[in-house]
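Letter by letter, the chains look like this.
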Amino acid sequence: MSKITPFLWFDSNLNEVVKFYTSIFNNHKVSDIISYDEISEGPAEEITTATFELEGQKFMALNGGPMFKFTEAVSFFVNCTSQDEVDYYWEKLSEGGETSRCGWLKDRYGLSWQIIPDNLGRLLGNQDPQKAKKAMSAMLKMEKLDIAALEASVA
């Protein structure tokens, strides 16, 4: 079986979308760009479909028009190894978008992301139920997750 590739439907700004995401993730690659003039009438400079990779995850995207919007029912999980990574991805992906609780945000295109430190699962799954509850309580009070505060909650 082939790998499963997320296919993302954007309104009309795929050129900007691809530039935005590839400017944030260091390990990226863009391929298979098709412009409107190759498949239908439209401006040659505007992308109609694109395939790109971010940190080894392949995505396909379409300039599909305003008919469909993203919801929080689907999000992309960014596993971060340090507070610097949490801060970086939180700042970059939420720029022009909106932040929410528990490490969730929507970027400027309405796509949902979870910016999560890699120790969160260990803290929330602590074998001591009281410590797990304290970690959960601390997380529920945060928008951007703070690794030191989460660790301190179970100390």
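Residues numbered from 1 in each chain as written. Predicted model: local features only at pLDDT ≥ 70, side-chain atom pairs only at ≥ 80, totals over all residues. Heavy atoms only, no water.

Examining the packing of aromatic side chains
Stated formally: Any pair of Phe, Tyr and Trp rings, taking the six-membered ring for Trp, is counted once the centres come within 6.5 Å. Such a pair is stacked with planes under 30 degrees apart, edge-to-face with planes over 60 apart, and tilted for the rest. Secondary structure elements follow DSSP: runs of H or I of four or more residues count as helices, runs of E of two or more count as strands, with numbering from the N terminus. Under the scheme applied here, a residue whose accessible area is under 20% of the maximum for its type counts as buried, over 50% as exposed, and between as partly exposed, the area being computed with a 1.4 Å probe on protein chains only.
Taken as a whole and judged by the stated rule, the model has 15 aromatic pairs. With centroids separated by 6.4 Å and ring planes inclined at 20 degrees, the aromatic side chains of Y21 and F52 adopt a geometry described as stacked. Here Y21, found in helix α1 (residues 14–24), pairs with F52, found in strand β3 (residues 47–54); they are 31 residues apart in sequence, far enough to count as distant. For the pair formed by Y21 and F52, the shared burial category is buried. Under the relative-accessibility criterion, Y21 is labelled buried at 1%. Ring pairing ties together the aromatic residues F10, F20, Y21, F25, F52, F59, F70, F76, Y88, Y89, Y109 and W113, which thus form one cluster.

Some thoughts on the sheet that holds strand β8 (residues 112–117)
The following threshold applies: Pairing between strands is defined by DSSP: at least two bridges between them are needed. Here, residues are in contact when the closest pair of their heavy atoms is within 4.5 Å. Under this scheme, a helix contributes an axis fitted over its contacting stretch, all axes are lines through C-alpha atoms, and angles between N-to-C directions fall in the 0 to 180 degree range.
An order of β5-β8-β7-β6 is seen for the four strands of this open sheet, with the pairing classed as mixed. The open sheet terminates on both sides in strands that have one partner only, identified here as β5 (75–80) and β6 (98–99). Along the sheet, helix α3 (residues 83–94) makes contact with β5, β6, β7 (104–106) and β8, crossing β7 at roughly 30 degrees.

Some details on the nonpolar core
Filter applied, for reference: Nonpolar cores are built from buried Ala, Val, Leu, Ile, Met, Phe, Trp, Tyr and Cys residues. Side-chain atoms within 4.5 Å join them into one set.
One finds Y21, L93, W113 and I115 to be the most contacted residues of the largest nonpolar core, which totals 28 residues. Counting residues per element, the ones that place at least two in this core are β1 (7–10), α1, β3, β4 (57–63), β5, α3 and β8. A per-element tally of this core places α1 first, with six residues.

Brief notes about the environment of D11
For D11, the location among the structural elements is in the loop between β1 and α1. D11 sits in the partly exposed class, given a relative accessible area of 33%. Between the alpha carbons of D11 and F68 there is a distance of 8.0 Å; along the sequence they are 57 residues apart. Apart from the residues lying within four places of it in its own chain, the contact partners of D11 are N63, G64, G65, P66 and K69.

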